[in-house]
Amino acid sequence: MLVVMRHNASKAEVGRVVGEIEDMGYEARSMPGKQRTTVGLMGNDGRVDSARIAGLPGVLEIIPVTKPYKQVSREWRSADTIVEVGNGVRFGGSEVPIIAGPCAVESEEQILGIAHQLKGMGASLLRGGAFKPRTSPYSWQGLGEEGLRLLAQAREATGLAIVTEALDPDGVDLVAEYADVIQIGARNMQNYPLLRRAGRCGKPVLLKRGMSATLNELLLAAEYLLADGNDDVILCERGVRSFDSHTRNLFDLTAVPVVQSLSHLPMIADPSHGTGIRDKVIPMARASIAAGADGLMIEVHPNPPTALSDGAQSLYPNQFSELMEQIRVIAHAIGRSVRGST
Ligand code: PEP
Ligand code: MN
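Residues numbered from 1 in each chain as written. Chains lettered and ligands numbered in written order. Predicted model: local features only at pLDDT ≥ 70, side-chain atom pairs only at ≥ 80, totals over all residues. Heavy atoms only, no water.

(A) Highlighting the domain arrangement of the protein. You can read the domains of the protein as domain 1 (2–63) and domain 2 (83–338). Inter-centroid distance (C-alpha atoms) of domain 1 to domain 2 is 37 Å. (Domains from an automatic or database assignment.)

(B) Focus on the coordination of the manganese ion (ligand 2). Ligation of the manganese ion (ligand 2) by protein atoms is provided by Cys-103 (SG), His-273 (NE2), Glu-299 (OE) and Asp-310 (OD), these donors lying 2.0 to 2.4 Å from the ion. Written as a sequence motif, the donor arrangement for the manganese ion (ligand 2) is C-x169-H-x25-E-x10-D. Here His-273, found in helix H9 (residues 271–275), pairs with Glu-299, found in strand E15 (residues 296–299); they are 26 residues apart in sequence, far enough to count as distant. Exposure remark for His-273: the relative accessible area of 8% places this residue in the buried category. Judged by relative accessible area, which is 0%, Glu-299 ranks as buried. (Donors = N, O, S within 2.8 Å, 3.2 Å for Na, K, Ca; no water. Helix = DSSP H or I, 4+ residues; strand = E, 2+ residues; numbered from the N terminus. Buried < 20%, exposed > 50% of the residue type's maximum accessible area, 1.4 Å probe, protein only.)

(C) Spatial organisation of the site of ligand 1. Neighbouring ligand 1 are Cys-103, Arg-127, Lys-132, Gln-183, Gly-185, Ala-186, Arg-187, Lys-208, Arg-238, His-273 and Glu-299. Here an oxygen atom of ligand 1 sits 2.9 Å away from a polar atom, N or O, in the side chain of Gln-183. Contacts to ligand 1 include Arg-187, whose side-chain N or O atom sits 2.9 Å from an oxygen atom. Class assignment of the residues belonging to the shell around ligand 1 gives a composition of two nonpolar, three polar and six charged. (Near = heavy atom within 4 Å. Polar contact = N/O pair within 3.5 Å; in protein donor to acceptor, adjacent residues only side chain to side chain. Nonpolar A, V, L, I, M, F, W, Y, C, P; charged D, E, K, R; others polar.)

(D) Quick peek at the environment of Asp-252. Relative to the assigned elements, Asp-252 resides in the loop between strand E13 (233–237) and helix H8 (255–262). Taking the relative accessible area as the measure of exposure, Asp-252 reaches 18% and is therefore buried. Within polar-contact distance, the side chain of Asp-252 engages the side chain of Arg-209 at 2.8 Å.

(E) Focus on the pattern of salt bridges. Applying the stated rule across the entire model yields 20 salt bridges. Two residues, Arg-339 and Glu-95, come together in a salt bridge whose shortest N-O distance is 3.5 Å. Here Glu-95 lies in strand E7 (residues 95–96) and Arg-339 lies in the segment after strand E16 (337–338), a separation of 244 residues in the sequence. Glu-299 serves as the salt-bridge partner of Arg-127, at 3.4 Å between the closest nitrogen and oxygen. Within this pair, whereas Arg-127 is found in strand E9 (residues 125–127), its partner Glu-299 is found in strand E15, the two being separated by 172 residues in sequence. As far as the burial class goes, Arg-127 and Glu-299 line up, both buried. (Salt bridge = Lys/Arg side-chain N within 4 Å of Asp/Glu carboxyl O.)

(F) Quick look at the nonpolar core. Counting residues in each nonpolar core, the largest one holds 70 residues, and the members touching the most others are Leu-126, Leu-207, Leu-235, Ile-298 and Phe-320. Sorting elements by how many residues they give to this core places helix H7 (residues 215–227) first, with seven residues. Ignoring any residue separated from it by four or fewer positions in sequence, one finds Phe-320 in contact with Ile-98, Ala-100, Leu-118, Met-121, Ala-123, Ile-298, Val-300 and Leu-315. Membership of the second largest hydrophobic core comes to 15 residues, among which are Met-1, Val-18, Ala-28 and Ile-53. (Core = buried A, V, L, I, M, F, W, Y, C linked by side-chain atoms within 4.5 Å. Contact = heavy atoms within 4.5 Å.)

(G) Quick peek at the sheet that holds strand E4 (residues 59–63). Spatially, the four strands line up as an open sheet ordered E2-E3-E1-E4, and their pairing is antiparallel. The open sheet has two edge strands with one neighbour each: strand E2 (27–31) and E4. For this sheet, the mean inter-axis angle between neighbouring strands, taken without regard to orientation, is 20°. Looking at chain direction, strand E1 (residues 2–5) and E4 are connected through four bridges and run antiparallel. Its bridge partner being in E4, Met-5 is matched across the sheet by Val-59. (Pairing = 2+ DSSP bridges. Axes fitted to C-alpha atoms, helices over the stretch in contact; angles between N-to-C directions.)

(H) Highlighting the side chain of Lys-132. Within the secondary structure, Lys-132 is located in the loop between E9 and helix H4 (145–158). Buried charge without a salt bridge: Lys-132, with Glu-165 as the nearest opposite-charge side chain at an N-O distance of 5.0 Å. Polar contacts involving the side chain of Lys-132 include one to the main-chain carbonyl oxygen of Cys-103, which spans 3.2 Å. Look past the residues within four positions of Lys-132 in its chain and what remains in contact with it is Cys-103, Ala-104, Arg-127, Trp-140, Gln-141, Gly-142, Leu-167 and Ser-309. (Lys, Arg positive; Asp, Glu negative; His and termini not counted.)

(I) Molecular detail of the packing of helix H10 (residues 278–291) against helix H11 (residues 317–333). Direction vectors running N to C along H10 and H11 enclose 20°, while the axes themselves pass 9 Å from each other. Considering their axes alone, H10 and H11 lie roughly parallel with respect to each other. Note on packing geometry: the crossing formed by H10 with H11 is right-handed. Of H11, the residues touching H10 (which contributes Arg-278, Ile-282, Ala-285, Arg-286, Ile-289 and Ala-290) are Gln-319, Leu-323, Gln-326, Ile-327, Ile-330 and Ala-331. Among the residues making up the contact of H10 with H11, the classes are represented as eight nonpolar, two polar and two charged. (Parallel < 35°, antiparallel > 145°, perpendicular 65-115°, else oblique. Left-handed = near helix turned anticlockwise from the far one by under 90°.)

(J) Main features of the packing of aromatic side chains. Using the criterion set out here, one finds one aromatic pair in the structure. Plain terms: the ring middles of Tyr-192 and Tyr-224 are 4.4 Å apart, the flat faces sit at 25° to each other, and that makes the pair stacked. Linking Tyr-192 in helix H6 (residues 192–199) with Tyr-224 in helix H7, this pair joins segments that are 32 residues apart in sequence. Looking at Tyr-224, the relative accessible area reads 25%, which means it is partly exposed. (Phe/Tyr/Trp six-rings, centres within 6.5 Å; stacked < 30°, edge-to-face > 60°.)

Take a look at the structure:
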């Protein structure tokens, strides 16, 4: 439930509403806005008797929040949330930032070389896993902290902001020391201790949809982050499991407009994991921009056949460059622009 205060409501009137909510055994969150203050009621599992609050001085109206997720819903906040990352890049506005880079950081030469190329082609953020969630325990697991150091070095050299994954709650603070955006991967979307820790890490979080998660489950996972105090959350569609084996996952592009209507959080798309096949990434990246995605995450490797993970879905740098040119035109056609456009 949201309590909207009149524009001239006094601090004491807002305080009284907060006190009344707390007296009823719930949590109150006061949110001062440009026009008026709203007070959110949290901690209820079912209907709340709003009559006690509706009659208090200074109260304009009560808006019921009907969804199981509260703070991430459009009912809670109607305006789009803009998430600003380290280097001034913003997700959720009319400019669309592009995240690009290899699946994993493999060496200094690999990550610095590709970072310079991607920067020149217009990417705004560099991705690369240092801690990799591999399906098999025998697969290469990433460079660990050394990978984080190399990413920080690439940021220093290029100005690109860094997105990289934290695999477990204890790893969050370490990743947050180096990264601008903490990624929570598909396999961890419902790892609640990890979400809670990331909610308190002080950095924006990129939350990827679980491979068999419904959109309600995605939004409820995001609610954990906001409930723990982190409003800077970017959501990401990355494909779900399906009965068809022609692609690695079923890239659910409908998720973009659906989530954008349910939530004020920015929603980006990852056609690399969504399709798993290099030559399918390109058309689905174009389609994602056309569908209104607030950003893209694209895997690009200097030499994909030698990649230590996800080579089959990684673009060659020249393919990425061509894709950037195409999505600039598409973004323009729908009244947006790709950040880093030349
Ligand atoms: C990744 O981004 O490299 C990754 C492992 O993604 P996902 O969690 O979507 O599989
Ligand atoms: Mn990958």
